[in-house]
Amino acid sequence: MVQSSLVFGQPVAVPAVDNTELRVRYGSYRRRQAARLLQLLPREAIRPLYRRARTAALDSGVAPESVSDDPMALLVRYCEQLLPLPPFEIWYEDLRQNPDAHLADLDESADGPTADAPSTMATQGMRFAGREWLARLRAFRDGGFWRGYITFEPVGQGHVHRTTAVFCERDAGNLRRRFLDFEPATLEAFLRSALP
């Protein structure tokens, strides 16, 4: 997956987020939508819907003890199948075109990024020491705030350098905009601070 970025004013294609992280975010999006459907249903509709979910799981070959392990997870998975949710490719295109709306959706959810599993909010390309680098804003929720740090990776090499948490905002969109507003010299200063 790529997004356009600027390297000293020149457009370049940079990998925005790796595919594994995108798939995790898409799965999280699907679960949020299914959970929201359950919140909209009247209380008396939940039990019959759970019976349908349980029957469908058993009919598909799921072991009875697995069905009983987590009734809410079973119900959410069933609702994911009921909703006309977009396939991954359409969801990803919408994410690329409307990142702030997706950040607001994350902000309202209980399963947002954590310090142990941060999310890549934006990527910028840059040049430093004669090489191309990728600077990524990695962010997570911490209480009522979004915190973030920057990772730097030389293109074509696997070694990643990172800053400490240098961002703290109440709104994820503001965090992303601050990072994207950085001039090349600012990114270079953060990279120098992250190098050994």
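See the structure shown above.
Residues numbered from 1 in each chain as written. Predicted model: local features only at pLDDT ≥ 70, side-chain atom pairs only at ≥ 80, totals over all residues. Heavy atoms only, no water.

Visitor: Hey, could you run me through the pairing of strand 3 (residues 119-128) in this one?
Guide: Residues in a regular strand point their side chains to alternate faces of the sheet. Among the 10 residues in strand 3, 9 count as buried, and that is most of the element. In terms of strand pairing, strand 3 meets strand 4 (residues 131-142) through 9 bridges, oriented antiparallel. When the sheet's bridge partners are listed, Gln124 is paired in strand 4 with Ala135. The hairpin turn running from strand 3 into strand 4, its antiparallel successor, is 2 residues long, and Ala129 in that turn takes a positive phi close to 55°. (Buried < 20%, exposed > 50% of the residue type's maximum accessible area, 1.4 Å probe, protein only. Helix = DSSP H or I, 4+ residues; strand = E, 2+ residues; numbered from the N terminus. Pairing = 2+ DSSP bridges.)

Visitor: Looking at this structure, how should I read the environment of Tyr92?
Guide: Note that Tyr92 resides in helix 5 (residues 88-97). For Tyr92, a relative accessible area of 10% corresponds to the buried category. C-alpha of Tyr92 to C-alpha of Thr163: the two residues are 71 residues apart in sequence and 28 Å apart in space.

Visitor: What is the right way to read the nonpolar core from this model?
Guide: A general trend in soluble globular proteins is that nonpolar side chains are found buried together. Grouped together as the largest cluster of nonpolar side chains are 21 residues, with contacts concentrated most on Met126, Phe152 and Phe179. At the level of secondary structure, the elements contributing two or more residues to this core comprise helix 6 (99-107), strand 3, strand 4, strand 5 (145-154), helix 7 (172-180) and helix 8 (184-194). If sequence neighbours within four positions are ignored, Phe179 has contacts with Ala122, Thr123, Gln124, Ala135, Arg136, Leu137, Ile150, Phe167 and Leu187. Counting 10 residues, the second largest nonpolar core, distinct from the first, contains Ala53, Leu75, Val76 and Tyr78. (Core = buried A, V, L, I, M, F, W, Y, C linked by side-chain atoms within 4.5 Å. Contact = heavy atoms within 4.5 Å.)

Visitor: So what exactly am I meant to see when it comes to the pattern of salt bridges here?
Guide: If charged atoms from side chains of opposite charge come close, those side chains can pair. Tallied over the full model, the rule gives 13 salt bridges. Arg25 is the partner of Glu21 in a salt bridge, and the nearest nitrogen-oxygen pair spans 3.8 Å. Remark: Arg25 and Glu21 occur in helix 1 (residues 19-40); sequence separation between them is 4 residues, near one turn of the helix. For Glu21, the salt bridge goes to Arg138, with nearest N and O atoms at 2.8 Å. (Salt bridge = Lys/Arg side-chain N within 4 Å of Asp/Glu carboxyl O.)

Visitor: Where do I start with the environment of Gly156 in this structure?
Guide: Topologically, Gly156 is positioned in the loop between strand 5 and strand 6 (161-162). The class for Gly156 is exposed, based on a relative accessible area of 80%. Taking the C-alpha atoms as reference, Gly156 lies 10.0 Å from Arg131; in sequence the two are 25 residues apart.

Visitor: What should I look at first to understand the pairing of strand 5 in this one?
Guide: When you tally the buried positions in strand 5, you get 7 out of 10 residues, the bulk of the element. Where strand 4 and strand 5 come together, 10 bridges link them in antiparallel fashion. In the strand pairing of strand 5, Leu134 is matched with Glu153. The loop that links strand 4 with its antiparallel partner strand 5 comprises 2 residues; one of these, Gly143, has a positive phi angle of about 65°. Inspection of the sheet shows strand 5 paired to strand 7 (residues 167-169) by 3 bridges, in the antiparallel sense.

Visitor: Explain the packing of helix 1 against helix 4 (residues 71-82) to me, please; I cannot follow it from the model alone.
Guide: A pair of packed helices can be characterised by two numbers: the angle between their axes and the separation between those axes. Between helix 1 and helix 4, the shortest axis-to-axis distance is 8 Å and the interhelical angle comes to 100°. It follows from the interaxial angle that helix 1 and helix 4 lie roughly perpendicular. Two secondary-structure elements touch here, helix 1 through Arg30, Arg31, Ala34, Leu37 and Leu38 and helix 4 through Met72, Leu75, Val76, Cys79, Glu80 and Gln81. In the contact of helix 1 with helix 4, the residues fall into 7 nonpolar, 1 polar and 3 charged. (Axes fitted to C-alpha atoms, helices over the stretch in contact; angles between N-to-C directions. Parallel < 35°, antiparallel > 145°, perpendicular 65-115°, else oblique. Nonpolar A, V, L, I, M, F, W, Y, C, P; charged D, E, K, R; others polar.)

Visitor: Explain helix 5 to me, please; I cannot follow it from the model alone.
Guide: In an α-helix, one turn spans 3.6 residues, which is why side chains three or four residues apart end up on the same side. Among all positions of helix 5, only Phe88, Trp91, Tyr92 and Leu95 are buried. Projected down its long axis, helix 5 shows its buried positions confined to an angular sector of 100°, all on one face. Turned more than 90 degrees from where helix 5 packs its buried face, Glu89, Ile90 and Gln97 sit exposed. (Arc of directions from axis to C-beta.)

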